[in-house]
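These are the residues of each chain, in order.
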Amino acid sequence: MTNEIKIAGFGGQGVLSMGMTLAYAGVFEGKQVVWMPSYGPEMRGGTANCTVIISNDRISSPIINQFDMAIILNQPSLDKFENTVKPMGQIFYESNNVINPPTREDVSVFEVPAALEAVNLKNAKGMNMIMLGAFLEKNPIVSIDSILKALKKVLPERHHHLISANEKALKRGMELLQNPVLS
Amino acid sequence: MTNRNEGIQCEILDRMDIVWERPPALLDVKMHYCPGCGHSVVHKVLMEVIEELDIQDKTIGIAPVGCAVLAYDYLDIDMQEAAHGRATAVATGIKRVRPDRIVFTYQGDGDLAAIGTAETIHTVNRGEQIVIVFINNGIYGMTGGQMAPTTLPGMKTTTSPDGRDVESQGHPLKIADMIALLPGAYYVTRQSVTSAKGVRKLKKALLSAFQYQIERKPGTSFIEVVSNCPAGWKMTPIEANRWLKEEMLKYYPLGDLKTPDT
Amino acid sequence: MATKLLMKGNEALAEAAIRAGLKAYFGYPITPQSELLEYLVRELPKRGGAILQAESEIASINMVYGAAATGERVMTSTSSPGFSLMQEGISYIACAELPCLLVNVMRGGPGLGTIQPGQCDYFQAVKGGGHGDYRMIVLAPGSVQEMADFVYLGFDLADKYRIPVLILTDGALGQMMEMVEFPEYDIEAHLVDHSSWATTGKKKGSERHIITSLFLDPEILENVNLHLQKKYDTIREKEVRYEAVMTDDADFIVVAYGLSARVSHKAIEMGRQEGMKVGLLRPQTLFPFPSEQLNALADHVNGILVVEMSAGQMVEDVRLSVNGKVPVEFYGRMGGMIPAPEEILNEINRFYSQKLIEETF
Ligand SMILES: Cc1ncc(C[n+]2csc(CCOP(=O)(O)OP(=O)(O)O)c2C)c(N)n1
Ligand code: SF4
Ligand SMILES: [Mg+2]
C-alpha cells in the first residue's frame, strides 16, 4: 500500500511542516516515507509545496507527477495541481483561500473551512493541522497518536507547549469531515 | 462613511505632494525583493541619478550574485551578470575596452567583501574609473541569512546561531575604510537609506560619483550604502530600520571617507 | 538498535560526518547545500571538531588542503559553481595525496544556472576536473541513507588510498527527507596511522615531512604520475560499487545514478507491470565506474538506456564500457528539470516497439 500525497499553499501556511509531520508519523508506524519539498526562490515568491509518500514497501522515486491525494491551501496551488490527482483520487481544499473550487468529477473533493475554524479555535496557526485532521478522517493511514509524537519531532522544543492546541485543531478537522449521524 | 475610501483617495492626490515616483529608467515590473528591503530604494535612486545625468544610453551596470542578481530585470540599461564576487573585474574588462562608457557595479557584502575582496581591492588600487555601489546589509540575504564579513559582533545568523563570535569568526570588515586608504580611490563615502534625508544624501553621493566618472577623474568611486535585510534579520521592516540606525550605524558611521580634496 | 530518524539528505550527511570523526569543516554558503554548513555550525564545536565559514570556496578548499596535511579527517561541501572554484585546490590535494572528503550537491548549470537539482558536473567529477592527470573516488548516493553511509565509506577510502573522495549528489537528495539509521561506527578502529607523512612538526631525529605538488624535474614528476595511475588502477580493480535491480532476467536495462536512478527505478517497476523485462543498474561509484559489470550485462540485454539530469555525460562511459555490443540510448533533462517516471517509461516503450518492428521485418 502506497499513498502519494501533494500538499501545497502559500509559504507561511505551514505546508512544509504539515507534510513533515505526516511523514514522521509514518516513520513511527514502521512505514517507508519520503518528504520532498519545493525549495528556493519559488518559496520567497509565495508558493510552497511538498510531496509526501508513505508506503509499506521501499519507495523508488521521490519525484512523481501524479498523486493519490492533494491537500490544497490556496488558489494558485489548486490551479497547478488539480490535474495531477489520479482518477478516483481525493482533493482537500481550504475553502477560505480557494475561490474557484475544483471542477474534476472523477475525484472526491472535500471542502474544508479550516481558516475559519482556526479563527474559531483562536489558533490561526492551527489551520494546517485542521486540514491534516480532515485528511486523516478520510484516510486513516496513520494514527493521531503518531501525529502527536511526530509533532514533538517537527516542532522545536520551545514550541512544544503548542502541541495540545494542535491536537484540538486536528480533532476539529476530523469532526469537520465526519459523516453527520442520520437521525 | 460609505464612500470614505474613494473620497480620501482623491483628496490625498489633490492635496499632497507625490512622495514616491518611479523614474522612467526603473522598469515598471514587480520586484522580487522582500517588503521593506533597501535594495529597491537604492535601485530607484540609482536610476534617478542616471536619468538626471542623461547617461542611460552609455551606462553599463554589473549585477552581483546576491539578492540583487536580478537587478537587470529592473534597471533599464545594458547590464551584465558577473560570477559571485567578480563584478569589479568584469567592470574593469568593459572599461578598458570602452573607456567612453559609464560603468558601475552593484554588489552585496558577501559578494564584494568576502569572495570578491581581492578583485575589489585590486580594482580600486588600479584606480579603475568605475563606480562601485556596495550594499552592506550585514548578512547573506539571498542564500537565507548566513553570516557575512560585515555581520556585527553578537549578531545572530544561521551560521552564527549564538551570535557572531569575533574570536573564532573574525571582526566585521570595514572595507570602505580600507578602500579609502588606497591611492587609486578617488571618492569613498558611506551612506544609508533609513530616512528621507539619508536617501537624499545618498543621491547626492551617487551624482558626484557618476559625475567624476563622466569627467574622467582619476580613480574609483566607492559608495557604501548601509542597508537592511528584514528577512535575514528576522525583523519587520520597521524593526529593521530601527536596528539599522541603532546598531549598524554605530559600527558603520556615515559620511565621506575620502573626497577628491582630501 | 540504532534509532531511525527522518532527516534531510544534507543534514544526514553532516551528522554522519561528525559520527565518522570529522575534525574540521571549511565551507562557504551556497544553495542547495547550506544546511550542511548550518548543521555543522550548531553541532560540530560541541562534538570535538572545528568549523569555519570561509570567505570563498577557493579559501575553503585550501583550508582543507592545509588541514588534511595534518592527517586528520576534514571536509568541505559546496554546490556546482563553488565546486568549479575548488578545482585548482583539488588538483594540488590529489597530487600531494591527501585524504579528505568533498561534497558537491549539484544544481543546474552552466554558469550561475539555477538552484534546482542537476547532474551536469559528472565530467568534472570523474575525469579530474582541474588541471593534470588525477582522479578522485566519486561516490553517488541514491537515498538519504546512502548520503550518510557514503560519508563513512568516503573517509575510509580517503584514508586507505590517500585520495580526495567526492560525494556527488544533487539538490533534491540534499533537500528531501527520508529515514536514516546511523550505524555503530568505532572511529578509533577506522582511523589510519598517517604519522609517516603528515606534517605535524618534525620529530627529533626523524625525517622532515614535506607536502608538495611541485616536481620540477620531469623524470620525477613522471614517476609521481605513474605512482598515481597505479593507485587509480588498484581502485578500479577493488572499489567498484553498484546496485543491480532486476537485471538477472532483463532484456533491457536502464543505467542511472543518484536521483535519476530513483526515478528510473519507478519507471522499470511500471515497465515490469506492463510485462517488460527491464532492469536497472545504478553505479554507486562513478569513479571507479562499473565498466566490467556493464560489459558483462551487455551480453544478455538487447539495449541500454542511460538517464541523466544532464545533456549526456555518463552515457559516454557506458558506451565505452559496452564497446558497441548493444545500442546505448540516452534520455536526459537539463537546467534543473527532473525526468518523470512516465517520461522514462516512454523511452523504454520506444525501445520495445522498435525491437518489435525489427523482429517483424
Ligand atoms: C561561487 C559561489 N559561491 C556561493 C554562491 C552562493 N551565493 C549566492 S548569493 C551569496 C551571498 C549573498 O550575500 P550578499 O552578497 O551580501 O548579497 P545580499 O543577498 O545580502 O544582497 C552566496 C554565498 C554562489 N552563487 N556562487
Ligand atoms: S532577503 Fe534580505 S536582502 Fe534579500 S530581498 Fe529579502 S530583505 Fe532584501
Ligand atoms: Mg548582504
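Above: the structure in question.
Residues numbered from 1 in each chain as written. Chains lettered and ligands numbered in written order. Predicted model: local features only at pLDDT ≥ 70, side-chain atom pairs only at ≥ 80, totals over all residues. Heavy atoms only, no water.

## Looking at the nonpolar core
- Core analysis: the biggest nonpolar cluster contains 124 residues, and C:Met75, C:Ile304 and C:Ile348 have the highest contact counts within it.
- When we break this core down by domain, the ones giving at least three residues each are domain 1 (3-238) and domain 2 (243-360) of chain C.
- When sequence neighbours within four positions are dropped, the list of residues in contact with C:Ile348 reads C:Phe252, C:Val254, C:Ala267, C:Ile268, C:Met276, C:Val278 and C:Leu305.
- In this structure, A:Leu16, A:Val33, A:Ala134 and A:Ala150 belong to the second largest nonpolar core, which totals 50 residues. (Core = buried A, V, L, I, M, F, W, Y, C linked by side-chain atoms within 4.5 Å. Buried < 20%, exposed > 50% of the residue type's maximum accessible area, 1.4 Å probe, protein only. Domains from an automatic or database assignment. Contact = heavy atoms within 4.5 Å.)

## Section: the site of ligand 1
- Not every one of the 22 residues close to ligand 1 is listed here, only the nearest: B:His39, B:Cys67, B:Asp109, B:Asp111 and C:Glu57.
- Lying at an intersection of chains, ligand 1 is approached by residues of chains B and C.
- Taking B:Asp111, its main chain carries an N or O atom lying 2.8 Å from an oxygen atom of ligand 1.
- At 2.5 Å from a nitrogen atom of ligand 1 is found a side-chain nitrogen or oxygen belonging to C:Glu57.
- In isolation ligand 1 offers 590 Å² of accessible surface; the protein chains occlude 97% of this area.
- Taken together, the elements giving at least two residues each to the shell around ligand 1 come down to helix 4 (109-115) and strand 5 (139-140) of chain B together with helix 4 (80-85) of chain C.
- A total of three residues in the shell around ligand 1 trace back to one element, the largest contributor, which is helix 4 of chain B.
- Looking at side-chain class alone, the shell around ligand 1 contains 10 nonpolar, nine polar and three charged residues. (Near = heavy atom within 4 Å. Polar contact = N/O pair within 3.5 Å; in protein donor to acceptor, adjacent residues only side chain to side chain. Areas by Shrake-Rupley, 256 points an atom, 1.4 Å probe, with all protein chains shown as cover. Helix = DSSP H or I, 4+ residues; strand = E, 2+ residues; numbered from the N terminus. Nonpolar A, V, L, I, M, F, W, Y, C, P; charged D, E, K, R; others polar.)

## Section: the interface of chain C and chain A
- On the chain A side, the residues contacting the 27 residues of chain C number 24 residues.
- Interface area, chain C with chain A, both sides summed: about 2,100 Å², of which 63% is carbon and sulfur.
- Contact with chain A buries area across many residues of chain C, yet C:Leu6, C:Met177 and C:Met179 alone supply 28% of it, more than any other trio.
- Here chain C and chain A share two salt bridges between them.
- Where chain C meets chain A, there are 10 residue pairs in polar contact (both at pLDDT 80 or more).
- Counting residues per element, the ones that place at least two in the side of chain C that touches chain A are strand 1 (4-8), helix 8 (171-175), strand 8 (177-181), helix 11 (258-273) and helix 14 (341-360) of chain C.
- Considering every element that reaches the side of chain C that touches chain A, the biggest residue donor is helix 11 of chain C, with six residues.
- Split into classes, the residues belonging to the side of chain C that touches chain A amount to 15 nonpolar, four polar and eight charged.
- Relative to strand 8 of chain C, strand 2 (residues 32-37) of chain A is paired through two bridges, and the arrangement is antiparallel. (Buried area = accessible area lost by both parts, 1.4 Å probe. Salt bridge = Lys/Arg side-chain N within 4 Å of Asp/Glu carboxyl O. Pairing = 2+ DSSP bridges.)

## Section: the site of ligand 2
- Near ligand 2, the surroundings consist of B:Tyr33, B:Cys34, B:Cys37, B:His39, B:Cys67, B:Asn137, B:Gly141, B:Cys229, B:Pro230 and B:Ala231.
- Its residues assigned to classes, the shell around ligand 2 shows seven nonpolar, three polar and no charged.

## A word on the layout of surface pockets
- The volume enclosed by the second largest pocket comes to roughly 660 Å³.
- For the second largest pocket, the lining is made up of 27 residues, of which A:Lys6, A:Asn49, A:Ile63, A:Asn65 and C:Ile338 are closest to its centre.
- Of all elements in the fold, only strand 2, strand 3 (47-55) and helix 3 (75-81) of chain A reach the threshold of two or more residues within the lining of the second largest pocket.
- Here the lining of the second largest pocket takes three residues from strand 3 of chain A, the largest share from any one element.
- Of the residues assigned to the lining of the second largest pocket, the class counts are 15 nonpolar, seven polar and five charged. (1 Å grid on protein atoms, 1.4 Å probe; cavity = no way out; pocket = protein on both sides within 12 Å on 5 of 7 lines; lining within 4 Å. Points joined across faces, edges and corners; volume = space filled by probe spheres on them.)

## Let's talk about the pairing of strand 3 (residues 50-53) of chain C
Residues and elements named next belong to chain C.
- Note that strand 2 (residues 24-27) and strand 3 share four bridges and pair parallel. Looking across to strand 3, one finds that Phe 26 is bridged to Leu 52.
- Crossover strand 2 to strand 3 through helix 2 (residues 34-43) is right-handed. (Right-handed = clockwise from strand over helix to strand, strands pointing away.)

## Description of the sheet that holds strand 10 (residues 252-255) of chain C
All names here are of chain C.
- Across the sheet, five strands lie side by side as 9-11-10-13-14; this open sheet has mixed pairing. Each end of this open sheet is capped by a strand with a single partner; those strands are strand 9 (242-245) and strand 14 (328-332). Across the sheet, the axes of successive neighbouring strands diverge by a mean angle of 20°, strand direction being ignored.
- As judged from the five bridges shared by strand 13 (residues 303-308) and strand 14, these two strands associate in the parallel manner. From the neighbouring strand, Ile 304 faces strand 14, where its bridge partner is Val 328.
- Against the sheet, helix 11 makes contact with strand 9, strand 10, strand 11 (278-283) and strand 13, and its axis sits at roughly 165° relative to strand 11, the strand it touches most. (Axes fitted to C-alpha atoms, helices over the stretch in contact; angles between N-to-C directions.)

## Details of the packing of helix 6 (residues 144-154) of chain A against helix 7 (residues 163-176) of chain A
Residue and element names in this part refer to chain A.
- Closest axis-to-axis distance for the helix 6/helix 7 pair is 11 Å, and the angle between their directions is 145°. When you trace helix 6 past helix 7, the crossing you get is right-handed. Only Ile 163, Asn 166, Glu 167, Leu 170 and Met 174 of helix 7 make contact with helix 6, whose side of the interface consists of Ile 144, Ile 147, Leu 148, Leu 151 and Lys 152. (Left-handed = near helix turned anticlockwise from the far one by under 90°.)

## Describing empty space enclosed by the protein
Residues and elements named next belong to chain B.
- Considering all chains together, one arrives at four cavities of 30 Å³ or more under this definition.
- There is about 50 Å³ of room inside the second largest cavity.
- If you trace the second largest cavity, you find it lined by Gln 129, Ile 130, Val 131, Tyr 186, Ala 209, Tyr 212, Gln 213, Lys 217, Gly 219 and Ser 221.
- Residues belonging to the lining of the second largest cavity are distributed by class as follows: five nonpolar, four polar and one charged.

## Here's the deal with helix 10 (residues 218-238) of chain C
All names here are of chain C.
- In this model, helix 10 (21 residues) spans 30 Å end to end at C-alpha, consistent with the 30 Å of a helix rising 1.5 Å per residue.
- Considered for burial, the residues of helix 10 that qualify are Val 224, Leu 228, Lys 231, Tyr 232 and Ile 235. Each buried residue of helix 10 lies within a common arc of 100° when the element is viewed along its axis, so the set occupies one face. For helix 10, exposure combined with an orientation more than 90 degrees from the buried face picks out Pro 218, Glu 219, Glu 222, Leu 226, Lys 230 and Glu 237.
- Packing partners of the buried residues in helix 10 comprise helix 5 (87-95), strand 6 (137-139), helix 7 (144-161) and strand 12 (285-287).
- Measuring from the backbone nitrogen of Glu 219 back to the side-chain oxygen at the start of helix 10 gives 2.9 Å, which picks out Asp 217 as the cap. (Expected span 1.5 Å × (residues − 1). Arc of directions from axis to C-beta.)

## A few points about the packing of aromatic side chains
- For the coordinates displayed, the defined rule picks out 19 aromatic pairs over all chains.
- Summarising the aromatic geometry, the rings of C:Phe252 and C:Tyr352 are spaced 6.2 Å apart at their centres and angled 70° between planes, so their arrangement reads as edge-to-face. Of this pair, C:Phe252 sits in strand 10 while C:Tyr352 sits in helix 14, and the two are 100 residues apart along the sequence.
- In this structure C:Phe252 comes out as buried when scored by relative accessible area, which is 1%.
- The class for C:Tyr352 is buried, based on a relative accessible area of 16%.
- One aromatic cluster is present, built from ring pairs that chain together A:Phe92, A:Phe110 and A:Phe135.
- Positioned above the aromatic ring of A:Phe28, the side-chain terminus of A:Lys149 is 4.6 Å from the ring centre.
- In this structure, B:Lys174 is placed above the aromatic ring of B:Tyr251, and the distance from its NZ or CZ to the ring centre is 4.5 Å. (Phe/Tyr/Trp six-rings, centres within 6.5 Å; stacked < 30°, edge-to-face > 60°. Lys NZ or Arg CZ within 6 Å of the ring centre and 35° of its normal.)

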